[in-house]
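The lines below spell out each chain.
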Amino acid sequence: MARSKEWMPVVLWHGMGDCCCNPLSLGKIDKVIRKTLGNETNRNEVYIHSIKIGNNVFEDTLNGYFKNVNEQVEEACQQIRNDPRLSSGYNAIGFSQGSQFLRALAQRCPGPNMNNLISIGGQHQGVFGLPHCEYPDSKYCDYIRKILDVGAYWSWVQAKFVQAEYWHDPYNEEEYIDGSVFLAEINNEKTLNRNYITNLRKLKNFVMVKFNQDTMVIPRESEWFGFYTPGQGINITSLRDSRLYKEDRLGLQKMDKAGKLHFLEVDGDHLQFEMEWFIDNIINKFLRVTI
């Protein structure tokens, strides 16, 4: 019996302190996706490409702290363009900071086409606090925290420290917009790049998962594009009440009205979810796509 069409490939991008191939994190996700979709009869195994920035897992982990994000996105773009098995398009899943990196990829690297973007605990309006990392014993976390407290928008800090590049100080919005070399740029807060709007709107679905008891992402509403109202650090402005949405500076308003935006929530701390939830709400709803 002839096989039916192949599953659309999946691209993964890990979070801070993690790497492409950790068997307890992305390696586990890889296996669950393969097992779930592999149970289909007459179906080819799904191809999964896990982004690795650097020559090995140690470099990949280190680059999650210290390699300029714009350079990482460009490197990821080249990886995807050079992978013939992704030439017909792919679905993308980002974990924590990997989520906004993949969104930048969608906006800057439109070919091959990203079909569905799934952001799990991403910080799309940045963070204003770094209380702990996925790996709290990491010596890098405390070092970066001290640097951010002193000068997040210093040019040399922005050039070298990943977390500074999505640090968003609501008390100093002008300084954030002027100094941010990554987040303010991909959110079209510096100048209006219409290619970003065009490319992001090519997505079939943009899925954003928020963790209701998240103690790592501050504020957790950033996972749904919400953030502190400028000038203070208590009240939150939601996506639909924001300038970004009302002026449609990324095309999110049109995507929302077209039913392309999906806001999911999970009870638990950062990236704490059951695999049954992941299978039901992510794999079965957004990865069952063929090419």
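Note: the structure precedes this text.
Note that the coordinates shown come from a computational prediction; the quantities given were computed from them, not determined experimentally.

Draft legend 1. Summary view of the state of the cysteines. What the rule picks out here adds up to 2 disulfides. Note on cysteine connectivity: C20 is disulfide-linked to C21, with sulfurs 2.4 Å apart. Across the S-S bond of C20 and C21 the torsion is about -90°, and the bridge reads as left-handed. A relative accessible area of 46% means that C21 is categorised as partly exposed. Note on C19: no disulfide assigned, nearest cysteine sulfur contributed by C20 at a separation of 5.1 Å.

Draft legend 2. How the structure looks around the sheet that holds strand β2 (residues 48–50). With parallel pairing, 6 strands are arranged side by side in an open sheet as β2-β1-β3-β4-β5-β8. Each edge of the sheet is formed by a strand with only one pairing partner; in this case those strands are β2 and β8 (261–266). Shown here is a sheet whose adjacent strand axes are inclined to one another by a mean of 15°, direction ignored. As defined by bridge partners, strand β3 (residues 90–95) adjoins strand β4 (residues 114–120) across 5 bridges and the pair is classed as parallel. In the sheet register, F95 faces β4, and the bridge partner there is I120. Helix-sheet contacts for helix α1 (residues 26–38) involve β1 (10–13), β2 and β3, and the interaxial angle to β1 is about 160°.

Draft legend 3. The arrangement of the packing of aromatic side chains in detail. The final tally for this structure, using the stated rule, is 16 aromatic pairs. Judged by centre distance (5.5 Å) and plane angle (65°), the ring pair of F227 and Y228 falls under edge-to-face. According to the relative accessible area criterion, Y228 is buried, its value standing at 12%. Grouped by ring-pair contacts, the aromatic residues Y65, F66, W154, W156 and F161 constitute a single cluster. Over the ring of W224 we find K210, and its NZ or CZ is 4.6 Å from the ring centre.

Draft legend 4. Layout of helix α2 (residues 57–66). Residues D60, N63, G64 and Y65 constitute the buried set of α2. Between a side-chain oxygen at the N-terminus of α2 and the backbone nitrogen of F58 the separation is 3.2 Å; the capping residue is N56.

Draft legend 5. Inspection of the side chain of D169 at higher detail. The residue D169 is located in the loop between α6 (155–160) and α7 (173–179) in this model. Despite its burial, D169 pairs with no opposite charge; the closest candidate is K190, at 14 Å N-O. Within the structure, D169 has its side chain in polar contact with the side chain of N172 (distance 2.9 Å). Those residues in contact with D169 that sit more than four places away from it in its chain are F128, Y153 and Y176.

Draft legend 6. Representation of the layout of surface pockets within the structure. Roughly 260 Å³ of internal volume is contained in the second largest pocket. Around the second largest pocket sit 15 residues that line it, and Q125, E173, E189, P230 and R243 are the ones nearest its centre. For the lining of the second largest pocket, the elements supplying multiple residues, two or more each, are α7, β6 (227–228) and α10 (243–246). The class makeup of the residues in the lining of the second largest pocket is 6 nonpolar, 5 polar and 4 charged.

Draft legend 7. Molecular detail of the pattern of salt bridges. Tallying each qualifying case throughout the model produces 8 salt bridges. Of the charged contacts, one joins R243 and E247 as a salt bridge, the two residues approaching to 3.3 Å between their closest N and O atoms. Through salt bridges with shared partners, one network takes in D30, R34 and E45.

Draft legend 8. Looking closely at helix α12 (residues 275–287). Between the first and last C-alpha of α12 there are merely 15 Å, a value that for 13 residues lags more than 12% behind the 18 Å anticipated at 1.5 Å per step. Among the structural elements, β1, α1, β3, β4, β5 (205–211) and β8 are those in contact with the buried residues of α12.

Draft legend 9. Structural view of unusual backbone geometry. Backbone torsion omega between G111 and P112 reads 0°, so that peptide bond is classified as cis. With an omega dihedral of -5°, the bond running from I218 to P219 counts as a cis peptide bond. Secondary-structure assignment places P219 in the loop between β5 and β6.

Draft legend 10. Main features of the packing of helix α3 (residues 69–81) against helix α4 (residues 97–108). For the pair α3 and α4, the least separation of the axes is 10 Å and the interaxial angle reads 65°. Seen along the crossing, α3 lies across α4 with a hand that is right-handed. Contact residues: α3 offers V69, N70, Q72, V73, A76, C77 and I80, while α4 offers F101, A104, L105 and R108. The residue inventory of the contact of α3 with α4, partitioned by class, reads 8 nonpolar, 2 polar and 1 charged.

Rules of the game
Residues numbered from 1 in each chain as written. Predicted model: local features only at pLDDT ≥ 70, side-chain atom pairs only at ≥ 80, totals over all residues. Heavy atoms only, no water. Disulfide = S-S within 2.5 Å. Buried < 20%, exposed > 50% of the residue type's maximum accessible area, 1.4 Å probe, protein only. Pairing = 2+ DSSP bridges. Helix = DSSP H or I, 4+ residues; strand = E, 2+ residues; numbered from the N terminus. Axes fitted to C-alpha atoms, helices over the stretch in contact; angles between N-to-C directions. Contact = heavy atoms within 4.5 Å. Phe/Tyr/Trp six-rings, centres within 6.5 Å; stacked < 30°, edge-to-face > 60°. Lys NZ or Arg CZ within 6 Å of the ring centre and 35° of its normal. Polar contact = N/O pair within 3.5 Å; in protein donor to acceptor, adjacent residues only side chain to side chain. Lys, Arg positive; Asp, Glu negative; His and termini not counted. Salt bridge = Lys/Arg side-chain N within 4 Å of Asp/Glu carboxyl O. 1 Å grid on protein atoms, 1.4 Å probe; cavity = no way out; pocket = protein on both sides within 12 Å on 5 of 7 lines; lining within 4 Å. Points joined across faces, edges and corners; volume = space filled by probe spheres on them. Nonpolar A, V, L, I, M, F, W, Y, C, P; charged D, E, K, R; others polar. Expected span 1.5 Å × (residues − 1). Left-handed = near helix turned anticlockwise from the far one by under 90°.

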